[in-house]
Amino acid sequence: MKITRFVPSVLFGENAFDDLNAWIDKLYPNPQQYTVFVVDAVHRTTGLLQRLRPAPQDLVLEFDAPSHEPKTSDVDALRDRIVAEKGSELPRVVVGIGGGSSMDVAKAISVMLTNPGSSADYQGWDLVKHRGVPKIAVPTLSGTGAEATRTAVLTGPVKKLGINSDYSMYDHALLDPKLIETVPEEQEFFTGMDNYIHCVEASHGSAMNALGRPFALAAKASVENFFLKEKNYADFMVGSYFGGSSIANSSVGVCHALSYGIAFILGYRHGLANCIVFNQLEEFYGEDVRTFKAMVERHRVQLPKRVTKDVTPEQFEKMIALTYMLERDLVSTFGPEFKKALPPEKILELYGKM
Ligand code: NAD
Ligand code: ZN
């Protein structure tokens, strides 16, 4: 039985951010309870943090997205801070404001306030036992689709893997296209390409169905329009939400499986790691990789070359193991016999080209 899930309500429009507090009061009308805002630390400089209007009992936690993508230890530390201040009292809602990193941290905190132990214990599929605290996504960077997916991607002590569960989906999303206008161009490109790659992988994969496909196709078109025609921020932001809605109900593929190793061992951020990998996948995704290359060229994006030249044999072993850990994505791309289509030698050959 496969149940399709979408974020049930969306507040959309330019300057919708100004209605955030009123929306929270409408959704969760209990003003005595506190709200947790998890905010990308970059918003100290964009001015968005200053536009938040927390009540005295609310907690505003910054996540240092400019320095790194989220780790399980970040989530555990922030959860412990909330518990230290508020004891067993739960917030009425957790609001994640930022890029995929900050939205994922907020998602994970919502779940870790109601489930015991470390967030590392829940990296995998459907390991979360209890519903989390309600949550609202406020993306300020478009492409990951984290506002609409079932996963909170975290780097843990032994692996980079998401907490994938129905409880890690947002209950609501506030989409304000003005919020993404401050993103630096290179970042806009790499995260935008994450959406493009999600949609290419999802629509080629067997996990896709007729209900998810239109979302993937619309999302893919939004990225092509943005980078090959004109920059329309509203369409681009909606494209990210659609892309997330599509992968929430299907699966990514071989590019993401290979990119986790590049991120975990070599430290490249998610969007860039995917671009490094996708650039070498013409044999799997022909026309789409050629379109990707046209977008790279048009925006004069410099992709790093020969990133794996100093990788040791032990590190390659680990990268291969990480690739196979994303079994669902590989099954979606190649079928249950994925190891025949993508044996370790083939993985090494592909990594060697990157
Ligand atoms: P990010 O959240 O890591 O942010 C990248 C940079 O952009 C940071 O420096 C951040 O501070 C900055 N930034 C964000 N908004 C800004 C704004 N409005 N103005 C200026 N700067 C801004 O980047 P991302 O690509 O959105 O997210 C990557 C993370 O998301 C990775 O951890 C990846 O694994 C994860 N991810 C999650 C999902 C999911 O479904 N949950 C899907 C794909 C990727
Ligand atoms: Zn991705």
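Just so you know, these numbers come straight off a predicted model, no measurement behind them.

### Quick look at the overall build of the protein chain
In step 1: Of regular secondary structure, the protein chain possesses 15 helices and nine strands.
In step 2: For 354 residues, the compact-globule estimate of 2.2 N^0.38 gives 20 Å, and the C-alpha radius of gyration of the protein chain, at 19 Å, lies within 12% of that figure.
In step 3: Along the three orthogonal principal directions, the C-alpha set of the protein chain runs to about 60 × 45 × 40 Å.
In step 4: Sorting the 354 residues of the protein chain into buried and exposed places 56% on the buried side.
In step 5: In the protein chain, the share of contacts with a sequence separation of at least 24, taken over all contacts with a separation of at least 6, comes to 77%.
In step 6: Positive and negative side-chain charges of the protein chain, numbering 37 and 43 respectively, have mean locations separated by a distance of 2 Å.

### Considerations on the UniProt feature "domain: Fe-containing alcohol dehydrogenase-like C-terminal" (unreviewed entry) in the protein chain
In step 1: Taking the numbering used here, the UniProt-annotated feature "domain: Fe-containing alcohol dehydrogenase-like C-terminal" (unreviewed entry) corresponds to residues 191–289.
In step 2: As annotated, residues 191–289 comprises 77% helix and 0% strand, and the C-alpha atoms at either end are separated by 16 Å.

### Brief notes about the site of ligand 1
In step 1: Surrounding ligand 1, one finds 31 residues, the nearest of these being Gly100, Ser101, Thr149, Thr191 and Arg269.
In step 2: Interatomic distance of 2.8 Å between a side-chain N/O atom of threonine 140 and a nitrogen atom of ligand 1.
In step 3: Interatomic distance of 3.0 Å between a backbone N/O atom of leucine 179 and a nitrogen atom of ligand 1.
In step 4: In isolation ligand 1 has 870 Å² of accessible area, and contact with the protein removes 95% of it.
In step 5: In terms of residue class, the shell around ligand 1 is built from 10 nonpolar, 14 polar and seven charged.
In step 6: Residue assignment places the shell around ligand 1 across two domains, with domain 1 (9–180) and domain 2 (185–354) each supplying three or more.

### Quick look at the nonpolar core
In step 1: In terms of nonpolar packing, the biggest core is built from 85 residues, with Met193, Leu258, Phe278 and Met354 touching the most fellow members.
In step 2: There are two domains that each give this core at least three residues, and those are domain 1 (9–180) and domain 2 (185–354).
In step 3: Residues within four places of phenylalanine 278 in sequence aside, it is in contact with Tyr196, Ile197, Val200, Cys255, Tyr285, Asp288, Val289 and Phe292.

### Brief notes about the sheet that holds strand S1 (residues 9–12)
In step 1: Strand order in the open sheet made by the six strands is S1-S9-S6-S4-S2-S3, with parallel pairing throughout. Two strands lie at the open edges of the sheet, namely S1 and strand S3 (59–63), each paired on one side alone. In this sheet, neighbouring strand axes are inclined to one another by 15° on average, regardless of whether the strands run parallel or antiparallel.
In step 2: Inspection of the sheet shows strand S2 (residues 35–40) paired to strand S4 (residues 93–98) by five bridges, in the parallel sense. By the bridge assignment, valine 39 is partnered in S4 with isoleucine 97.

### Considering the environment of alanine 216
In step 1: With respect to the helices, strands and loops of the structure, alanine 216 is situated in helix H7 (residues 213–228).
In step 2: Not counting residues within four places of it along the chain, the set of residues in contact with alanine 216 comprises Cys199, Ser203, Met208 and Ser246.

### Focus on the domain arrangement of the protein chain
In step 1: Along its sequence, the protein chain is carved into domain 1 (9–180) and domain 2 (185–354).
In step 2: The C-alpha-based centres of domain 1 and domain 2 are spaced at 25 Å.
In step 3: Taken together, the contact pairs 31 residues of domain 1 with 28 residues of domain 2.
In step 4: Surface buried jointly by domain 1 and domain 2 totals about 2,500 Å² across both partners, of which 68% is contributed by carbon and sulfur atoms.
In step 5: Looking at the side of domain 1 facing domain 2, the largest losses of area belong to Trp125, Ser142 and Lys160, adding up to 23% of the total buried there.
In step 6: Here domain 1 and domain 2 share one salt bridge between them.

### Observations regarding the coordination of the zinc ion (ligand 2)
In step 1: The coordination sphere of the zinc ion (ligand 2) contains the protein donors Asp194 (OD), His198 (NE2), His256 (NE2) and His270 (NE2), at a distance range of 2.1 to 2.2 Å.
In step 2: Each of the four donor atoms around the zinc ion (ligand 2) contributes to a set of angles spanning 87 to 165°, which defines the coordination as irregular.
In step 3: Taken in chain order, the donor set of the zinc ion (ligand 2) reads D-x3-H-x57-H-x13-H. Within this pair, whereas histidine 198 is found in helix H6 (residues 185–204), its partner histidine 256 is found in helix H9 (residues 254–266), the two being separated by 58 residues in sequence.

### Digging into the sheet that holds strand S7 (residues 151–155)
In step 1: In spatial order, the strands read S5-S8-S7; together these three strands make up an open sheet with mixed pairing. Only two strands of the sheet have a single partner each, and these edge strands are strand S5 (124–125) and S7.
In step 2: Of the strands in this sheet, S7 and strand S8 (160–164) touch H9, which is tilted by about 120° from S8.

### Structural notes on the pattern of salt bridges
Oppositely charged side chains are able to pair whenever their charged atoms sit close together.
In step 1: For the structure shown, the criterion picks out 21 salt bridges.
In step 2: Between glutamate 282 and arginine 290 there is a salt bridge, and its shortest N-O distance comes to 2.9 Å.
In step 3: Residue classification places arginine 290 among the partly exposed positions, given a relative accessible area of 43%.
In step 4: Of the charged contacts in the structure, one is a salt bridge between glutamate 287 and arginine 290, with a shortest N-O distance of 3.4 Å. Of this pair, glutamate 287 and arginine 290 both sit in helix H11 (residues 282–298), three residues apart, which is roughly one turn of that helix.
In step 5: Overall, glutamate 287 belongs to the exposed group, its relative accessible area being 51%.

Conventions we followed
Residues numbered from 1 in each chain as written. Chains lettered and ligands numbered in written order. Predicted model: local features only at pLDDT ≥ 70, side-chain atom pairs only at ≥ 80, totals over all residues. Heavy atoms only, no water. Helix = DSSP H or I, 4+ residues; strand = E, 2+ residues; numbered from the N terminus. Rg over C-alpha atoms; globule rule 2.2 N^0.38 Å. Buried < 20%, exposed > 50% of the residue type's maximum accessible area, 1.4 Å probe, protein only. Contact = heavy atoms within 4.5 Å. Lys, Arg positive; Asp, Glu negative; His and termini not counted. Charge placed at Lys NZ, Arg CZ, Asp CG, Glu CD. UniProt positions renumbered as here; feature names shortened; annotations may be inferred. Near = heavy atom within 4 Å. Polar contact = N/O pair within 3.5 Å; in protein donor to acceptor, adjacent residues only side chain to side chain. Areas by Shrake-Rupley, 256 points an atom, 1.4 Å probe, with all protein chains shown as cover. Nonpolar A, V, L, I, M, F, W, Y, C, P; charged D, E, K, R; others polar. Domains from an automatic or database assignment. Core = buried A, V, L, I, M, F, W, Y, C linked by side-chain atoms within 4.5 Å. Pairing = 2+ DSSP bridges. Axes fitted to C-alpha atoms, helices over the stretch in contact; angles between N-to-C directions. Buried area = accessible area lost by both parts, 1.4 Å probe. Salt bridge = Lys/Arg side-chain N within 4 Å of Asp/Glu carboxyl O. Donors = N, O, S within 2.8 Å, 3.2 Å for Na, K, Ca; no water. Tetrahedral: all angles 85-135°; square planar, octahedral: opposite > 155°, others 65-115°.

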